[in-house]
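This is what each chain is made of:
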Amino acid sequence: MPSSLPAAVRNHMAALRMLLVLTVITGIVYPLAVTGIAQAAFSHQANGSLVHQNGKVVGSSLIGQNFDLPKKNPNDPNEAPRPDPKWFQPRPSAGGYDPTASGASNLGPNNPDLVKTIKERKAAVAAFDGVNPKDVPADAVTASGSGLDPDISKAYAYEQVDRVAKARGLDPAAVRELVADNTHSRAVGFLGEPYVNVVDLNVGLAKAK
Amino acid sequence: MNDTLAGWLQIIALLGALALSYRPLGDYIAHVLTTAKHLRAERVLYRLGGVNADVDQRWPVYLRSVLAFSAVSVFFLYGFQRLQNHLLLDIGMKAVPPGTSFNTAASFVTNTNWQSYSGESTMGHLVQMAGLAVQNFVSAAVGIAIVAALIRGFTRRRTDRVGNFWVDLTRITVRVLLPLAFVFAIVLVAAGAVENLHGIHEISTLVGDKQSITGGPVASQEAIKELGTNGGGFYNANSAHPFENPNAFTNWLEIYLLLVISFSLPRTFGRMVGDNRQGYAILAVMGLIWAASVALITINELHSVSSSAGHAAGGMLEGKEQRFGIWASTLFAASTTLTSTGAVNSFHDSFSPGGGGLTIFNMMLGEIAPGGTGSGLYGILILAIIAVFVAGLMVGRTPEYLGKKLGGREMKFASLYILTTPAIVLIGAGTAMSLKGERANMLNSGPHGFSEVLYAFTSAANNNGSAFAGITVTSDWWNTALGLAMLFGRFLPMIFVLALAGSLAKQQPVPVTSGTLPTHRPQFVGLLTGVILIVVGLTYFPALALGPLAEGLH
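Residues numbered from 1 in each chain as written. Chains lettered and ligands numbered in written order. Predicted model: local features only at pLDDT ≥ 70, side-chain atom pairs only at ≥ 80, totals over all residues.

An unreviewed UniProt entry annotates chain B as Potassium-transporting ATPase potassium-binding subunit of Actinacidiphila rubida. What the UniProt record of chain B gives under Subunit (unreviewed entry) is the line "The system is composed of three essential subunits: KdpA, KdpB and KdpC." (UniProt positions renumbered as here; feature names shortened; annotations may be inferred.)

Per an unreviewed UniProt entry, the recorded name for chain A is Potassium-transporting ATPase KdpC subunit, and the organism is Actinacidiphila rubida. UniProt, in its Sequence similarities (unreviewed entry) section for chain A, records the words "Belongs to the KdpC family."

Structure follows, in structure tokens:
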């Protein structure tokens with residue numbers, strides 16, 4: 001480097017060169033190496049744990065979906081979605097299970113709108129599943145952090161069994177067994193919470209009919 | 001297994017893993033920072049970078065290197081975002097607007113990772129991996145470099161040299177962060193995180209809806225995002241997003257990663273000053289504050305304290321993921337706000353007033369328990385200097401820490417350090433509240449709305465990056481104000497730390513006498529904890545009273 005340049009300029013030139021060198025290592029080589037190994041050794045996970053039905057991708061086990069009835073008017077963006085009784089229902093989502101708009105409601109713990117929404121959801125879920133509003137679990141009436149939560153609590157899953165079985169004309173015991181098959185206990189025995197994966201459960205349900 | 005037992009076990013397992021890492025990782029970082037030998041690969045990097053790796057720098061030269069590197073990084077990252085639509089792997093994303101580009105550049109270079117954008121709809125893959133994630137590495141390394149210089153101030157005598165910034169930066173990146181990130185990125189993928197170069201592709205769901213599945217080199221970014229206490233999510237939902245954090249095991253691992261370096265650095269400190277007990281004393285203070293915070297936030301959330309929404313729902317699950325539940329969310333929340341990480345696996349805006357208020361308080365502590373990589377340790381060492389000074393005043397003796405006298409010059413730098421961040425937070429939040437248009441950007445009203453504004457400036461100035469995310473911060477005013485808060489909050493304190501390092505390095509150590517305050521005993525642990533809580537409490541009490549306290553008592 002020409003030493004005739006002022007010290008400050010030389011300093012910034014060195015800084016830029018160091019940044020570029022480190023960018024190549026940590027910004028190009030590192031992620032590509034991880035991607036290469038991930039694709040070679042763990043391609044299912046690395047590509048989003050996709051689930052298939054009849055050879056076609058129908059979603060990801062990790063990303064929740066809506067299970068609503070078709071809209072009466074497909075061109076009306078304001079039409080309220082109606083849950084389809086034939087499917088297990090996921091948690092409420094602040095972003096309508098759109099992976100390009102993940103996120104939470106961010107409503108405060110005493111926000112009157114949130115309190116009202118929760119009470120309305122509780123009444124709606126209780127009526128839909130034919131249970132006492134007092135028994136509706138918290139996860140059924142609260143929006144998740146990601147807006148993509150594919151999971152519900154065991155309590156909320158079992159609450160839905162009779163409704164789903166009736167709508168499909170299936171034996172409730174068989175549906176209950178499907179729920180058990182898709183129930184995950186705590187990771188490593190003690191991490192997090194037990195949960196039921198709604199996407200996998202509904203894929204199983206689709207096969208059962 | 002019942003919830004409480006499982007909750008305790010995950011905390012105990014975390015403590016066990018951190019305890020096992022303390023000595024090997026701390027000793028290794030000390031070795032990396034002190035060995036005279038360069039690796040052959042590093043010599044190549046120095047030659048390519050055109051830097052002289054064999055000179056020891058005086059503190060102003062060290063500082064100028066830090067500032068030059070950071071300034072160049074801000075410009076580079078700004079340009080990168082502005083031009084992303086002309087580059088490879090843009091996956092159809094447009095050029096990022098100027099205000100957001102500035103804010104994001106400042107945010108990632110300062111190790112804040114505040115995000116005024118939504119990752120999945122703004123950033124192409126190349127900017128994410130070769131722009132943002134690069135700063136995840138180097139901004140973390142800069143933090144450790146600064147604390148290395150400060151520790152050398154204590155260990156060296158009668159010199160004006162505090163080390164070589166380029167060597168510290170390169171070694172921390174290449175020998176510490178890169179290998180760890182690599183291993184844990186692979187572990188994250190194996191456990192379910194995504195890692196690919198796909199764009200957004202549309203699928204048809206079970207009921208026939210269209211859904212856009214996103215792709216990206218996520219796990220490689222996730223690993224360094226936690227390890228370097230950065231926190232900038234690949235996706236908007238950050239570590240709540242199932243592609244970033246697919247299950248409770250990855251969640252636990254991510255908490256471990258975001259704590260492990262900062263909790264091991266006291267060992268590095270003890271090792272370098274030649275007295276491991278000094279490291280244990282600092283670790284004890286960090287651990288005490290961390291444990292208290294985890295406990296208090298968890299209790300507030302478990303019992304829906306003062307939350308009408310929580311009582312209506314039957315549990316504080318708004319903004320939390322089912323697979324994590326309360327315990328794994330509060331453990332993450334406490335850890336991310338006590339370090340400078342700011343990643344979130346649950347949304348603090350919907351926490352109970354006490355739980356959310358504590359996440360703000362955690363950041364107000366200056367992120368020292370255990371704090372950001374490097375910045376946590378230099379932050380708590382400054383507070384240790386204040387504590388020694390306070391003790392010195394009580395007995396009327398010139399205070400000294402680790403054999404170095406703390407005279408007027410040293411105390412001026414320490415005081416300036418302590419005053420900088422609160423000044424930025426309180427002036428920033430006050431200004432925003434006094435401007436009608438800016439105040440209107442809060443989502444919630446009343447005290448909770450004020451908490452959103454206070455949280456934003458606290459998070460920016462302390463380089464945390466998490467948010468009470470209801471607030472809309474995409475306007476030019478907010479992007480600029482918070483961008484400046486991040487830059488001043490990062491680099492002004494660094495100037496004072498390096499000046500202090502230079503001043504300490506010049507001194508000849510004074511011998512330990514019977515009158516010297518021992519700084520490795522429980523008495524000092526108590527003193528330092530007390531000083532931290534009192535200094536922070538007195539500074540921020542009025543602001544906290546208007547926000548979370550008012551809401552909690554309502």
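Next comes the rest of the description.
(A) Representation of the overall build of chain A in the model. Each helix and strand in chain A was counted, giving 6 helices and 5 strands. Helices (α) and strands (β) of chain A occur, in sequence order from the N terminus, as α-α-β-β-α-β-α-α-β-β-α. A globule of 209 residues ought to have a C-alpha radius of gyration of about 17 Å, yet chain A, at 24 Å, is considerably larger. Dimensions of chain A along its principal axes, counting C-alpha atoms only, are 85 × 45 × 45 Å. Relative to all contacts within chain A whose residues are 6 or more apart in sequence, the contacts with residues 24 or more apart total 53%. (Helix = DSSP H or I, 4+ residues; strand = E, 2+ residues; numbered from the N terminus. Rg over C-alpha atoms; globule rule 2.2 N^0.38 Å. Contact = placed C-beta atoms within 7 Å.)

(B) Representation of the overall build of chain B in the model. Scanning chain B from N- to C-terminus turns up 19 helices and 6 strands. Against the compact-globule benchmark of 24 Å for 554 residues, chain B has a radius of gyration of 23 Å, which places it among compact chains. Taken along the three principal axes of its C-alpha coordinates, chain B extends 75 × 60 × 50 Å. Within chain B, the proportion of its 554 residues that are buried is 63%. (Buried ≥ 20, exposed ≤ 12 C-beta atoms within 10 Å, placed from the backbone.)

(C) Spatial organisation of the domain arrangement of chain A. Partitioning chain A into structural domains gives domain 1 (7-44) and domain 2 (56-208). In this structure, domain 1 of chain A and domain 2 of chain A have C-alpha centres spaced 41 Å apart. (Domains from an automatic or database assignment.)

(D) Geometry of helix 13 (residues 353-364) of chain B. Residues and elements named next belong to chain B. In this model helix 13 runs 16 Å from its N-terminal to its C-terminal C-alpha over 12 residues, within 8% of the 16 Å that 1.5 Å per residue would give. The buried fraction of helix 13 amounts to 12 of the 12 residues, a majority that puts the element mostly inside the structure. Along its buried surface, helix 13 packs onto helix 10 (276-302), helix 12 (325-338), helix 17 (446-461) and helix 19 (522-553). Following helix 13 by one or two positions, Gly366 adopts a phi angle in the positive range, close to 90°. (Expected span 1.5 Å × (residues − 1).)

(E) Representation of the sheet that holds strand 4 (residues 183-184) of chain A. Residues and elements named next belong to chain A. Strand order in the open sheet formed by 3 strands is 3-5-4, and the pairing between neighbours is antiparallel. A strand with exactly one partner marks an edge of an open sheet, and here the two such strands are strand 3 (151-152) and strand 4. For strand 3 and strand 5 (residues 195-197), the ladder comprises 2 bridges, and the chain directions are antiparallel. Among the inter-strand pairings, Asp151 is bridged to a residue of strand 5, identified as Asn197. Sheet contacts for helix 6 (residues 198-208): strand 3 and strand 5; angle to strand 5, the most-contacted strand, approximately 50°. (Pairing = 2+ DSSP bridges. Axes fitted to C-alpha atoms, helices over the stretch in contact; angles between N-to-C directions.)

(F) Focus on unusual backbone geometry. Residues and elements named next belong to chain B. Of the consecutive residues Ala369 and Pro370, the connecting peptide bond is found in the cis state with omega at 5°. For Pro370, the position within the fold is in the loop between helix 13 and helix 14 (375-395). Phi is positive for Glu367, close to 55°, though the residue is something other than glycine. Considering the arrangement of structural elements, one finds Glu367 in the loop between helix 13 and helix 14. The phi dihedral of Asn463 falls on the positive side, at around 60°, and the residue is not glycine. Mapped onto the elements of the fold, Asn463 is located in the loop between helix 17 and helix 18 (476-505).

(G) Focus on the environment of Val51 of chain B. On the secondary structure map, Val51 of chain B appears in the loop between helix 2 (40-49) and strand 1 (57-58). When the 25 C-beta atoms within 10 Å are taken as the criterion, Val51 of chain B is described as buried. The contact partners of Val51 of chain B, leaving out residues within four places of it in the chain, are Ala14 and Met18 of chain A together with Tyr46 and Trp166 of chain B.

(H) How the structure looks around the interface of chain A and chain B. With 85 residues of chain A at the contact, the number on the chain B side is 98 residues. Counting residues per element, the ones that place at least two in the side of chain A that touches chain B are helix 1 (7-41), helix 2 (43-46), strand 2 (56-60), helix 3 (112-129), strand 3 and helix 6 of chain A. Broken down by element, the residue count for the side of chain A that touches chain B peaks at 22 residues, all from helix 1 of chain A. Taken together, the residues of the side of chain A that touches chain B break down into 43 nonpolar, 32 polar and 10 charged. (Nonpolar A, V, L, I, M, F, W, Y, C, P; charged D, E, K, R; others polar.)

(I) A look at the environment of Thr330 of chain B. Residues and elements named next belong to chain B. The residue Thr330 is located in helix 12 in this model. Accessibility expressed as a C-beta count within 10 Å gives 30 for Thr330, which makes it buried. Apart from the residues within four sequence positions on either side, Thr330 is in contact with Val294, Ile297, Thr298, Glu301 and Gly355.

(J) Broad picture of the packing of helix 6 (residues 125-155) of chain B against helix 7 (residues 165-190) of chain B. Residue and element names in this part refer to chain B. The geometry of helix 6 relative to helix 7 is characterised by a closest axis approach of 8 Å and an angle of 125° between their N-to-C directions. Taken as axis vectors, helix 6 and helix 7 run oblique relative to one another. Where helix 6 crosses over helix 7, the handedness of that crossing is right-handed. Here helix 6 contributes Phe137, Val138, Ala140, Ala141, Val142, Ile144, Ala145 and Ala148 to the contact with helix 7, which in turn contributes Phe165, Asp168, Leu169, Ile172, Thr173 and Leu177. Among the residues making up the contact of helix 6 with helix 7, the classes are represented as 12 nonpolar, 1 polar and 1 charged. (Parallel < 35°, antiparallel > 145°, perpendicular 65-115°, else oblique. Left-handed = near helix turned anticlockwise from the far one by under 90°.)

(K) Highlighting the packing of helix 15 (residues 408-434) of chain B against helix 18 of chain B. All names here are of chain B. Two elements in contact, helix 15 and helix 18, have axes whose closest approach is 9 Å; the angle formed by their N-to-C orientations is 175°. In terms of orientation, helix 15 and helix 18 fall into the roughly antiparallel class. Between helix 15, through Arg409, Glu410, Phe413, Ala414, Leu416, Tyr417, Thr420, Thr421, Ile424 and Gly428, and helix 18, the contact on the second element is made entirely by Ala481, Ala485, Phe488, Gly489, Leu492, Pro493, Phe496, Val497, Ala499, Leu500, Ser503 and Leu504. For the contact of helix 15 with helix 18, the residue count by class is 15 nonpolar, 5 polar and 2 charged.

(L) View of the pairing of strand 1 (residues 50-53) of chain A. Residues and elements named next belong to chain A. Sheet topology places strand 1 next to strand 2; 4 bridges connect them, and they run antiparallel. Looking across to strand 2, one finds that His52 is bridged to Val57. If you look at the hairpin formed by strand 1 and strand 2, you'll find 2 residues sitting between the two strands, and Asn54 has a positive phi there, around 50°.

(M) Representation of the confidence of the model for chain B. Overall, the prediction assigns chain B a mean pLDDT of 96, with 100% of residues at 70 or greater. Of the two predicted TM-score estimates for the complex, the pTM is 0.97 and the ipTM is 0.96. (pLDDT = per-residue confidence, 0-100.)

(N) How the structure looks around the environment of His241 of chain B. One can find His241 of chain B in the loop between helix 8 (218-227) and helix 9 (248-272). The exposure class assigned to His241 of chain B is buried, which follows from the 32 C-beta atoms found within 10 Å. When the C-alpha atoms of His241 of chain B and Pro518 of chain B are compared, they prove to be 47 Å apart, with 277 residues separating the residues in sequence. Aside from chain neighbours lying at most four places away, what touches His241 of chain B is Ser102, Ser146 and Leu148 of chain A together with Gly233 and Tyr235 of chain B.

(O) Structural detail: helix 19 of chain B. Residues and elements named next belong to chain B. Under the 1.5 Å per step criterion, the end-to-end length of helix 19 is only 35 Å for 32 residues, more than 12% shorter than the ideal 46 Å. Those residues of helix 19 that sit buried are Phe524, Val525, Leu527, Leu528, Ile532, Tyr540, Ala543, Gly547, Pro548, Glu551 and Gly552. Summarising the contacts, the buried residues of helix 19 are in contact with helix 10, helix 13, helix 14, helix 15 and helix 17.

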